[in-house]
Amino acid sequence: MVRGADIVVRSLIAENAEFIFGYPGGAIMPVYDALYDYSDQIKHVLTRHEQGAIHAAQGYARVSGNVGVVLATSGPGATNLITGLADAQIDSTPLVCITGQVAAHLLGSDAFQETDVIGLSMPGTKWNIQVRRVEDIAPAIAKAFFIAKTGRPGPVLVDITKNAQVEFGEFLYQPCLGIRSFRPYVTINPTAIAAAAQLINDAKRPYVLYGQGVILANAEEELKRFLDKSGIPAASTLLGSGALSQDHPSYVGKLGMHGNYAPNLLTNQCDVLIAIGMRFDDRVTGDLKRYAKQAQVVHLELDPSEIDKNVKCAVPVLGDCKTSLPLLTDAVNSNTHHEWFQKFRELDKEEKAAVMSYDLESTHGGLHMGEVIQLINQFKDENAILVTDVGQHQMISWRYFHYKESRTQVTSGGLGTMGFALPAALGAQLHDFKRQVICVVGDGGIQMTIQEFGTIMQTKAPVKVVLLNNNYLGMVRQWQQLFFDKRYSFTELENPDFVKIAEAYKLKAVKVTERHELKEAVAQMILHEGPFFLEVVVEKEDNVFPMIATGCSVEEVRLS
Amino acid sequence: MNRYTILVYTENFIGILNRITIIFTRRGINIDALTASESRLDGIHKITIEVTVTDEQIIQLSKQIEKVVDVIKVYYFMDDEVVYQEIALYKIPIESLDPSLEKVIRQFNAHIIAAEKEFVVLEFTGHKEDTQALLEILKPFNLLEFSRSGRVAIAKPKFSITDYLNNKT
Ligand SMILES: Cc1ncc(C[n+]2csc(CCOP(=O)(O)OP(=O)(O)O)c2C)c(N)n1
Ligand SMILES: [Mg+2]
């Protein structure tokens, strides 16, 4: 017989969990006590805030493909997880969060640090459960892992009352192999494949949009083969970036509010739109009423509720795209679409002239964010991971980072959570100390989770933190400039000496204000062995373009 | 907008009803009526939800409900595809019991299911329109209390949750 707390830890070990990101407190103390005995089998990372723990677990999960594990106490510990749960839910990140809860006999009595975690976390989890008896712990954790990673991944929460943690029970771990009410994989319908192939073979201007679904399905190779054969131009969503190397001849750019000019504009000129593992987020589609109305849509998607949710499709191909893509590849004709590609290239020239030359090639005036990313591209490894926060720097980093491999993009896409990057980068780095992890943050967002410098210090994770400092909540300021008559209402920041803060946490820190210092500083950062903080002071009032303003159609994408 | 009956078969799992209702709340959709009970099968619950929505909304709603891990299967039907009933109870002061009320009771084929010193309780089962009609008639009789259940329904089209669970469909 072992204590419930030991069962918790042993269950996590049985699921091959490598890391636990967590923070202790009263209601989870028995589990922390048990952890003391297993530190050779599972590593616990003590963050400085539970939000940091869950974002770190997200970063870890996104780059590793494994389930991220989080541990927190009841009450405030659990409520601090909510942002991360909502983030992981909308970005389909597999997590298992374990929270302590007051003893079962106190439930509902407003006991100290009692909060209704099940109720609070319900909309932000794929599944959650409260465990009140020791014998239910292992089955609940087994089910939690299964649900988190099976089908469309997502966050799961297991709330364990304190009595269950201290009671004694048998440890007999049985992994969950199936749940009768949960059948996320369907067999691919051959008629749908045939119908999709027919549309594609007859198309003059077919167009592929791929999203994170390709990465979650591990179908990068299948996507590549489909594009190799069909010769169709392909554009990426924010979270899809990396699923296809940007060097691939089919790659034409990025979609969405601040994506590339041609891929957005030409969405309304294709005749067949093939959406693969993407969900037609409003940041991708702009005004739905004027989105790809001329096109027949083929949607390869695992989640039935995404079919026809935002965009009506002519042919739904329901199921795992790792299976459906090869079937479709077999059924389509070999083709090249030279003239159609040419249209993309021509519009690319306009974007280059109107936007990129300013962003990347300026020789005087303040530094631009794009220049920093361009230099990072020069020095980074092929498989370097880019983690970004939310704001202008996020969009600029994404626009200019050269994605060559899968799982190199970590950002808060669906929720847009400021404060995500620093802890997420830490989690991503812990997965592999040898991979370069570059964390790009804004001066606003970094201050939302800046305490995680402490965790970087303690773990010695060699994260490269690049602060693009414009002394503004830049993205909001941009909107104020464009849509609110330049009324900069509460977006200017008086900032601390970031270098001193980083140094206080024992990070090597450098600040750059001049163009001629930048290259050397970026090189120094990349070559540095340990954690590094680089602050780059950039132009205060730069804007991110191209842009599809709210309510506009994809063809109204503007260059200035 | 159409009136639909959604039949949801679920595992008997704490919180499942909450998981289902927040799908409606989040979309600002009002649930007209809801009943939950055990189904014919051990351990499987059946939730019947009545809702007035558009064709597109009902498709989205049913997909979202079916996405809930502990939901086994969701079906939805238009009114003419289900056999359904609602039960209503009416509390009337004893003084109101006069020949005209007796006539109403007989007409509607309602039942007196409880008689106390000060009041009687009438029971009447039918569609909402029917129970509503009786309500309107009883109001002038100093009706004290009224209570109506959600819809209980059986679908006309043939389907079997057992076959579904055994992978036969
Ligand atoms: C938690 C949270 N609060 C508010 C916002 C709204 N928001 C989006 S971008 C942004 C500004 C970010 O400023 P900064 O971190 O300096 O990045 P910049 O845009 O300047 O690059 C704000 C406030 C958000 N996304 N997340
Ligand atoms: Mg800023």
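Everything here concerns the structure above.
Residues numbered from 1 in each chain as written. Chains lettered and ligands numbered in written order. Predicted model: local features only at pLDDT ≥ 70, side-chain atom pairs only at ≥ 80, totals over all residues. Heavy atoms only, no water.

Novice: Sorry if this is basic, but what is going on with the overall build of chain A here?
Specialist: Secondary structure assignment for chain A yields 22 helices and 20 strands. For chain A, the C-alpha radius of gyration of 24 Å lies close to 24 Å, the compact-globule estimate for 560 residues. Dimensions of chain A, computed from the C-alpha atoms along their principal axes, are close to 70 × 60 × 40 Å. Every one of the 560 residues in chain A was classed for burial, and the buried ones make up 62%. Pairs at least 24 residues apart make up 78% of the contacts formed inside chain A by residues separated by at least 6 positions. (Helix = DSSP H or I, 4+ residues; strand = E, 2+ residues; numbered from the N terminus. Rg over C-alpha atoms; globule rule 2.2 N^0.38 Å. Buried < 20%, exposed > 50% of the residue type's maximum accessible area, 1.4 Å probe, protein only. Contact = heavy atoms within 4.5 Å.)

Novice: Help me understand the coordination of the magnesium ion (ligand 2), please; the structure alone is not making it clear to me.
Specialist: Residues and elements named next belong to chain A. Within the protein, D443 (OD), N470 (OD1) and Y472 (O) serve as the donor atoms for the magnesium ion (ligand 2), at 2.1 Å. Donor residues binding the magnesium ion (ligand 2) come from one chain and are separated in sequence as D-x26-N-x1-Y. Placement of D443 in the loop between strand 17 (437-442) and helix 19 (453-459) and of N470 in the loop between strand 18 (464-469) and helix 20 (474-483) is noted, with a sequence separation of 27 residues between them. By relative accessible area, which is 1% here, D443 ends up buried. Classification of N470 by relative accessible area gives buried; the value is 4%. (Donors = N, O, S within 2.8 Å, 3.2 Å for Na, K, Ca; no water.)

Novice: Can you help me understand the site of ligand 1 in this one?
Specialist: All names here are of chain A. Taken together, 18 residues form the shell around ligand 1, and within it Q392, H393, G416, G445 and G474 come nearest. Contact distances for ligand 1 include 3.3 Å between a nitrogen atom and a backbone N or O atom of M418. Contact between ligand 1 and G444: an oxygen atom at 2.9 Å from a main-chain N or O atom of the residue. Isolated, ligand 1 exposes 580 Å² of accessible area, and the fraction of that covered by the protein chains is 76%. Those elements giving two or more residues to the shell around ligand 1 turn out to be helix 17 (392-400) and helix 20. (Near = heavy atom within 4 Å. Polar contact = N/O pair within 3.5 Å; in protein donor to acceptor, adjacent residues only side chain to side chain. Areas by Shrake-Rupley, 256 points an atom, 1.4 Å probe, with all protein chains shown as cover.)

Novice: What is the right way to read unusual backbone geometry from this model?
Specialist: Glycine aside, negative phi is the norm for most residues, and most peptide bonds take the trans geometry. Residue and element names in this part refer to chain A. With an omega of 0°, the peptide bond running from F545 to P546 counts as cis. Checked against the element boundaries, P546 lands in the segment after strand 20 (532-537). The backbone of D110 sits at a positive phi, close to 55°, despite the residue not being glycine. Tracing the backbone shows D110 in the loop between strand 5 (95-101) and helix 6 (117-121). Judged by its relative accessible area of 73%, D110 falls in the exposed class. One non-glycine residue with positive phi stands out, namely K506, at about 65°. Inspection of the secondary structure puts K506 in the loop between helix 21 (498-504) and strand 19 (508-512).

Novice: Could you clarify how one ought to interpret the sheet that holds strand 18 of chain A in this entry?
Specialist: Note on sheets: strands pair through backbone hydrogen bonds, and any given pair is parallel or antiparallel. Strands sit in the order 16-15-17-18-20-19 (chain A) across an open sheet of six strands; the sheet is parallel. Sheet topology places strand 16 (409-410) and strand 19 of chain A at the edges, where each strand pairs with a single neighbour. (Pairing = 2+ DSSP bridges.)

Novice: Quick question: what am I supposed to make of empty space enclosed by the protein here?
Specialist: It is the rolling of a water-molecule-sized probe over the atoms that shows where space remains empty. All names here are of chain A. This structure, assessed with the given rule, holds three cavities of 30 Å³ or more. In this structure, the largest cavity spans a volume of roughly 90 Å³. Put simply, the parts of the chain that give the lining of the largest cavity at least two residues each are helix 16 (369-379) and helix 17. Split into classes, the residues belonging to the lining of the largest cavity amount to four nonpolar, five polar and four charged. (1 Å grid on protein atoms, 1.4 Å probe; cavity = no way out; pocket = protein on both sides within 12 Å on 5 of 7 lines; lining within 4 Å. Points joined across faces, edges and corners; volume = space filled by probe spheres on them. Nonpolar A, V, L, I, M, F, W, Y, C, P; charged D, E, K, R; others polar.)

Novice: What exactly am I supposed to notice about the pairing of strand 5 (residues 82-93) of chain B here?
Specialist: Both faces of the sheet carry side chains from a regular strand, because those side chains alternate between them. Residues and elements named next belong to chain B. Both strand 5 and strand 9 (residues 152-155) contribute to a ladder of four bridges, which runs antiparallel. What sits directly across from V82, in strand 9, is A155. Across eight bridges, the pairing between strand 5 and strand 7 (residues 119-126) is antiparallel. Residue pairing in the sheet places L89 in a bridge with E123 of strand 7. Where strand 5 lies against strand 8 (residues 145-148), four bridges are found, and the strand directions are antiparallel. Residue pairing in the sheet places L89 in a bridge with S147 of strand 8.

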